[in-house]
There are 2 protein chains.
Amino acid sequence: MPSSKEIHLKSRPRGLPTADNFEFVEVDVSEPGENEVLVQNIYMSVDPYMRGRMREDFALGEVLAGGAVGKVVASKHNDFQAGDYVSNFSGWREYFLSNGEDLTKVDASLAPLSCYLGVLGMPGLTAYGGLLVTGELKDGETVFVSAASGAVGSVVGQIAKVKGCTVIGSAGSDEKVAELINEFGFDHAFNYKTADPLTELRKAAPDGIDVYFENVGGIQLEAALTHMKINGRIPICGMISTYNDAGTASPGPRNLTETIYKFITMKGFVVSGFGAQQPQFVEDMAGWIKSGEVKYHETIFDGIDSAPTAFMGLFDGTNNGKMLVQLADQ
Amino acid sequence: MPSSKEIHLKSRPRGLPTADNFEFVEVDVSEPGENEVLVQNIYMSVDPYMRGRMREDFALGEVLAGGAVGKVVASKHNDFQAGDYVSNFSGWREYFLSNGEDLTKVDASLAPLSCYLGVLGMPGLTAYGGLLVTGELKDGETVFVSAASGAVGSVVGQIAKVKGCTVIGSAGSDEKVAELINEFGFDHAFNYKTADPLTELRKAAPDGIDVYFENVGGIQLEAALTHMKINGRIPICGMISTYNDAGTASPGPRNLTETIYKFITMKGFVVSGFGAQQPQFVEDMAGWIKSGEVKYHETIFDGIDSAPTAFMGLFDGTNNGKMLVQLADQ
């Protein structure tokens, strides 16, 4: 019966989270009972959205939760056996018991295990489904993606390149822009803080945009609408720029009427809509990782003790690519 | 050789169009040459979309254009003979010569001739295609249509009723609201000038809206987005509330992020996209007119001199149903 270290929410952060908000607790984990599985987490994910959940969703004095991938160490469940790798939503702890409903088996031979929290996980499927299903991308089209250096955006651009598309990305620093071109193979990239989006789109794609993968809203959405081609599609993944600090929403684009004469489709989606595409996604993405067509960056902290530091690092630019904590050897 | 009065675009409207934007010009029309047809227009249509085309499409100092239906008065073309009725896109003039390519013969026995500019014409096909093709309406769904007493909106609602839907409409006067219920068979209707759209939608359709047929933009689009069901669809036909903004365009809805978690599709369209549906449309619509399932209203101005007034009336609620100008007796 292992002892498991886990991290509780001790107090709610005011402003930036600090070490004081977290508490380490050592708990005993019992052997699995009938239809139970004992899982040891190997990697856990820290993500900015968790900061929001610390406001009220996560209970004080209880263990935090988040995406993780681990190994079954003991099982009395017919669907799982020791040695299986499973993705789960029980991060922030070393071991846990499960009835199996929240576990998804993953194939560790396809790609590094940590990929199941990134390019082979929710961010990857979000990019894949949003671009190919919602966005109905066709080979050779012209694609624009905002927040292009993020976990979703960088995969969007690389999938589009696999499909023979011309790819334009925007990001918020010259370093990120350089990375889009040099590392991720984008055809064009610009810094939306220092360049005018519409001017950049016209320069990079004189004939217009077929698919705009929308992550930010605001002026970039307006520029995309203005420069869309006939029958253009805008899969809407997020609109991070449209919420200000006071929590009231900013107005939408002034040129929604562009949709009319150009037969533009705007369609919202979340990753939960792509369950049917999951098997094909894993097959495709594992192949693209192997061939080097899809690259990714990770920043990996070592040991559960470093999880609060990793989480706090999300807010000060520490990370480059997906931020992970490794809890155990594979 | 008749003399024909026609209307030229004298200056581009800023904001609402005024009489100063139009100029009447008297021209001589010659007899038809080989393979030519001389047409006398009987009815011409004025439509909100023409306001958009006055921004740049229509040339200054040249005759305006728009839907019309007329009678062949002389022909040296094999496909047409005197007495034929033809729909055409050469409105805003009394007579014109054609090589026949822009003329479509219509059957005056199927329905009154003016219907070919309304329920059996572009507005009817706009409603039919926008609702059934772009909006992918399913039998029994809940439909909201704005500008519901207009030439398109009233047909949208009535087609939805034929399809067994619950239908909610908005209009700009209590008289129009009463007409939607009593004349066109809507289940619910409200005056958007005196009632809060979101409150009305919640009252009329507690479970939400499947299809919002968008004609107006603004606060009604925001209300619809907020009250859409999962997988809701918003065919975008027009946004008349934003057309006459001089200089700066109105902002879009503040809640476009509603599309994300609700997988909402917004899709623009124009009637030219529904060529493939035209034959089925005429068959269906002629049947619905005969059975009384689709009713229509017309506001008919008399004589080409009244055309600018009729057009300007589109933007101040003057019209009830399809706005037409009668140029000659049938």
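In the annotation of an unreviewed UniProt entry, the entry for chain A reads Putative dehydrogenase, and the organism field reads marine gamma proteobacterium HTCC2143.

*Asks:* Just checking my understanding: could you explain the relation of the copies chain B and chain A for this structure?
*Replies:* Superposing chain B onto chain A takes a rotation of 176 degrees combined with a translation of 2.1 Å along the rotation axis, leaving an RMSD of 2.3 Å. Same-surface contact between copies: 97% of interface residues of chain B are shared with the interface of chain A.

*Asks:* Would you mind going over the packing of aromatic side chains with me for this structure?
*Replies:* Note on aromatic pairs: each is described by the distance of the centres and the angle between the planes. Taken as a whole and assessed by the stated rule, the structure comprises 20 aromatic pairs over all chains. Each ring, one from A:Tyr128 and one from A:Trp288, has its centre 6.2 Å from the other, and the planes form 45 degrees; the classification is tilted. Here A:Trp288 lies in helix 8 (residues 278-291) and A:Tyr128 lies in helix 2 (residues 122-134), a separation of 160 residues in the sequence. What makes A:Trp288 buried here is its relative accessible area of 9%. Taking the centre distance of 5.6 Å and the plane angle of 45 degrees together, the rings of B:Phe269 and B:Phe274 count as tilted. B:Phe274 sits in the buried class, given a relative accessible area of 3%. Each member of the aromatic cluster is reached from another via a ring pair, and the members are A:Phe22, A:Trp92, A:Phe311 and A:Phe315. We note A:Lys105 situated over the ring of A:Phe80; from NZ or CZ to the ring centre the distance is 5.6 Å. Of note, B:Arg53 hangs over the ring of B:Phe58, and the distance from its end group to the ring centre comes to 4.7 Å.

*Asks:* Honestly, the domain arrangement of chain A in this entry has me stumped. Any pointers?
*Replies:* For interface size, the figure often reported is the accessible area lost on association. Residue and element names in this part refer to chain A. Taken domain by domain, chain A consists of domain 1 (3-118 + 296-326) and domain 2 (122-273). The C-alpha centroid of domain 2 is placed 31 Å from the C-alpha centroid of domain 1. The interface is formed by five residues belonging to domain 1 together with six residues belonging to domain 2. Between domain 1 and domain 2, a total of about 410 Å² is buried, with carbon and sulfur atoms accounting for 49% of that surface. For the domain 1 face of the interface with domain 2, the top three residues by lost area are Gly 118, Tyr 296 and His 297, together amounting to 68%. The interface formed by domain 1 and domain 2 contains zero salt bridges. Here the side of domain 1 that touches domain 2 is composed, by residue class, of two nonpolar, three polar and no charged.

*Asks:* When you look at the pairing of strand 1 (residues 3-9) of chain B in this model, what are you seeing that I'm missing?
*Replies:* If a strand is regular, its side chains alternate between the two faces of the sheet. Residue and element names in this part refer to chain B. Among the seven residues of strand 1, five are classified as buried, and the element is accordingly described as predominantly covered. Here strand 1 runs beside strand 2 (residues 22-28); their pairing, made up of seven bridges, is antiparallel. Bridge assignment links Glu 6 to a residue of strand 2, and that residue is Val 25.

*Asks:* Just to check I follow, could you spell out the side chain of B:Thr142 for this structure?
*Replies:* Turning to its location among the elements, B:Thr142 is positioned in strand 8 (residues 142-145). In contact with B:Thr142, other than residues within four places in its own chain, are B:Thr166, B:Ile168, B:Ala205, B:Gly208, B:Ile209, B:Asp210, B:Val211 and B:Lys229.

*Asks:* Would you take a moment to explain the interface of chain B and chain A for this structure?
*Replies:* Of the residues lining the interface, 29 residues belong to chain B; the matching set on chain A comes to 28 residues. Among the residues of chain B in contact with chain A, B:Leu256, B:Ile260 and B:Phe263 are the three that bury the most area, contributing 24% of the side total. Inspection of the region where chain B meets chain A yields zero salt bridges. There are eleven residue pairs in polar contact (both at pLDDT 80 or more) connecting chain B and chain A. Among the residues forming the side of chain B that touches chain A, the class breakdown is 17 nonpolar, ten polar and two charged. Bridging between strand 13 (residues 265-268) of chain A and strand 13 (residues 265-268) of chain B involves three bridges; their strand directions are antiparallel. Following the sheet pairing, A:Met266 is matched in strand 13 of chain B by B:Met266.

What counts and what doesn't
- Residues numbered from 1 in each chain as written.
- Chains lettered and ligands numbered in written order.
- Predicted model: local features only at pLDDT ≥ 70, side-chain atom pairs only at ≥ 80, totals over all residues.
- Heavy atoms only, no water.
- Least-squares fit on C-alpha atoms with pLDDT ≥ 70 in both.
- Contact = heavy atoms within 4.5 Å.
- Phe/Tyr/Trp six-rings, centres within 6.5 Å; stacked < 30°, edge-to-face > 60°.
- Helix = DSSP H or I, 4+ residues; strand = E, 2+ residues; numbered from the N terminus.
- Buried < 20%, exposed > 50% of the residue type's maximum accessible area, 1.4 Å probe, protein only.
- Lys NZ or Arg CZ within 6 Å of the ring centre and 35° of its normal.
- Domains from an automatic or database assignment.
- Buried area = accessible area lost by both parts, 1.4 Å probe.
- Salt bridge = Lys/Arg side-chain N within 4 Å of Asp/Glu carboxyl O.
- Nonpolar A, V, L, I, M, F, W, Y, C, P; charged D, E, K, R; others polar.
- Pairing = 2+ DSSP bridges.
- Polar contact = N/O pair within 3.5 Å; in protein donor to acceptor, adjacent residues only side chain to side chain.

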